[in-house]
Amino acid sequence: MKRDEWKSRLGFMLAAMGSAVGLGNIWRFSYVAGENGGATFLLIYIFFILAFGIPLLLTEFSIGKAGKKDAVGSFMRLAPGTKWHWTGVMGVIGGTLILSFYSVVCGWSLYYLFHYLIGDFWTEPTGGFGQSFENWTSTTWEPLFWQFLFMIAVVLVVIRGIKRGIERANLIAMPALAILMVVLAVYSLTLDGASEGLAFLFTPDWSQFGNPQVYLAAMGQAFFSLSIGIGGMLTYASYLKSNDRLPTATVGIGIMDTVFAVIAGIVIFPAVFSFGGDVTDGPPLVFITLPSIFASMPAGGLVGIGFFALLVMAAYSSALSMLEVPVAYVHRTLGLSRKAAAIVCGTVIFAIGVTVSLGYGIWSHVTIVENKNILDSIDYITGNYILPLGTMLMAIFVGWYWTKDQAIKRSEINTPILQSSWYFIIRYIVPVAILVIAITSIVDK
Ligand code: ILE
């Protein structure tokens, strides 16, 4: 049977943007930026996107486009008889693990959207949003119900395949997402404290530039946000037609992802400053701080609907790409139909997600890494180890395993100066930089 492919390059670009723009740009970006000094973090983050992120995204795309198979199969085809396919295996595991906790947060977002739609969350509940969030996430069944619903929606589209499922869903979701985001940002800018929020986001604190933790956080966030290192982008690129060119698409995707993150910051920080929230609130920022702000804002209920619709849609298009990684692999290797593969993978991910969700309730005493609960531990392991390691291995694969000619030909870059800069970054700078940052941050701890 002929392998599925994208109908158009635009469809691929929208799907890859959909993968990149996710909870990472809104939920994770806002709290990581909040905790790491706002503008300082933003500058370092943008540097990582431009200097490493976009070149690496192109690296991952070239492997997928040349390999024309899932994350593991592409490495097997391109480097037969070697151990390189373990990079793909790590991606499959990474994608599965990330989606398992991601889907929990998606379930929360869906729950919030529902309660905004029926009007329940338009005013602060008794005891406040903090209390109600804690009470609700610590119950057993309700969060699981919303997570389950979310996973069903993801599985249903992935079953339909690339052209008829993932491409079509993104064709609708991405433009809708962009419009919603801009409307919310414009509204946020009209708030009284907007300038303070903007100053936080755009005026750097120079003393923070010497802090290695900010660099680690910015690098991790850049990789997470571009979805690189876990094979999702590789798998998406494997469905490209041979005449669909990579470089401009890659730059477009990287820039759009960053623009989305900055606009999300423009939506969130002015609101937080106008209504006396705390930007260092961490992961609950979006689920506790923002809803209380919406409750005291003019037309806050509507803003809440818009905001959570945005969160759900962004998360959804990213979840599609993460599920596609194990599905493409299982579909090819176990001889299962796409439908069966999607159901099996969706079920496994949901099952791991159940433990993540219970980590807020009956298993809240369980810690894996340091004092972190199950969700934070998986986020930590995937974000700080699997993603950078996967990314580094892909860079080494293209920079050292491939010949220079192969690498440049498969990157499809035409301009000589860009060819050599890209190759130099991938071959030397990225592996060394990732190692240095990892070691410095470990020593610093
Ligand atoms: N890039 C997306 C995000 O920012 C996902 C990350 C796919 C794993 O949320």
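Attention in this report is confined to the structure presented alongside it. Remember, it's a predicted structure, so these values are computed and weren't measured experimentally.

### Overview of unusual backbone geometry
Not every positive phi belongs to a glycine, and alanine 299 is a case in point at roughly 55°. In this structure, alanine 299 sits in the loop between α13 (289-295) and α14 (300-333). A positive phi angle is found at glutamate 412, which is not glycine, with a value near 65°. Mapped onto the fold, glutamate 412 is located in the loop between α17 (404-411) and α18 (416-444). Glutamate 412 sits in the buried class, given a relative accessible area of 16%.

### Some points on the environment of serine 242
Residue placement: serine 242 occurs in the loop between α11 (232-237) and α12 (247-274). Along the chain, serine 242 and lysine 68 lie 174 residues apart, while their C-alpha atoms are 9.7 Å from each other.

### Concerning the pattern of salt bridges
What the rule picks out here adds up to 5 salt bridges. Put simply, aspartate 379 and arginine 28 hold a salt bridge, and the shortest N to O gap is 3.5 Å. Here aspartate 379, found in helix α16 (residues 374-401), pairs with arginine 28, found in helix α2 (residues 23-35); they are 351 residues apart in sequence, far enough to count as distant. Since its relative accessible area comes to 6%, aspartate 379 is described here as buried. Given the relative accessible area of 9%, arginine 28 is considered buried. Between arginine 338 and glutamate 324 there is a salt bridge; the shortest N-O distance is 2.8 Å. One end of the pair, arginine 338, is in helix α15 (residues 338-358); the other, glutamate 324, is in helix α14, with 14 residues separating them in the sequence. For arginine 338, a relative accessible area of 13% translates into the label buried. The exposure class assigned to glutamate 324 is buried, which follows from its relative accessible area of 0%.

### A look at a positive patch on the surface
There is a patch of like positive charges on the surface, built from Lys7, Arg160, Lys163, Arg164 and Arg168. Tracing the backbone shows lysine 7 in the segment before α1 (9-20).

### Topic: the site of the ligand
Close to the ligand lie 13 residues; Ala20, Gly24, Tyr102, Phe224 and Ser227 are nearest. For the ligand, an oxygen atom lies 3.5 Å from a polar atom in the side chain of asparagine 25. The fraction of the free accessible surface of the ligand (280 Å²) that becomes covered by protein chains is 100%. When atoms are counted within 2 Å of each cavity's grid points, the one that captures over half of the ligand is the largest cavity. Counting residues per element, the shell around the ligand draws most heavily on α2, at 3 residues. The class makeup of the residues in the shell around the ligand is 6 nonpolar, 7 polar and no charged.

### Points about the layout of surface pockets
Looking at the largest pocket, its volume works out to about 770 Å³. Taken together, 29 residues form the lining of the largest pocket, with Arg28, Leu216, Ala217, Tyr380 and Asn384 sitting closest to its centre. Elements supplying a minimum of two residues to the lining of the largest pocket: α2, α10 (212-225), α16 and α18. It is α16 that provides the largest number of residues to the lining of the largest pocket, a total of 9 residues. Among the residues making up the lining of the largest pocket, the classes are represented as 15 nonpolar, 7 polar and 7 charged.

Parameters at a glance
- Residues numbered from 1 in each chain as written.
- Predicted model: local features only at pLDDT ≥ 70, side-chain atom pairs only at ≥ 80, totals over all residues.
- Heavy atoms only, no water.
- Helix = DSSP H or I, 4+ residues; strand = E, 2+ residues; numbered from the N terminus.
- Buried < 20%, exposed > 50% of the residue type's maximum accessible area, 1.4 Å probe, protein only.
- Salt bridge = Lys/Arg side-chain N within 4 Å of Asp/Glu carboxyl O.
- Patch = residues over 30% accessible without salt bridge, like charges linked within 9 Å, V, L, I, M, F, W, Y side chains within 5 Å.
- Areas by Shrake-Rupley, 256 points an atom, 1.4 Å probe, with all protein chains shown as cover.
- Lys, Arg positive; Asp, Glu negative; His and termini not counted.
- Charge placed at Lys NZ, Arg CZ, Asp CG, Glu CD.
- Near = heavy atom within 4 Å.
- Polar contact = N/O pair within 3.5 Å; in protein donor to acceptor, adjacent residues only side chain to side chain.
- 1 Å grid on protein atoms, 1.4 Å probe; cavity = no way out; pocket = protein on both sides within 12 Å on 5 of 7 lines; lining within 4 Å.
- Sits in = over half its atoms within 2 Å of the grid points.
- Nonpolar A, V, L, I, M, F, W, Y, C, P; charged D, E, K, R; others polar.
- Points joined across faces, edges and corners; volume = space filled by probe spheres on them.

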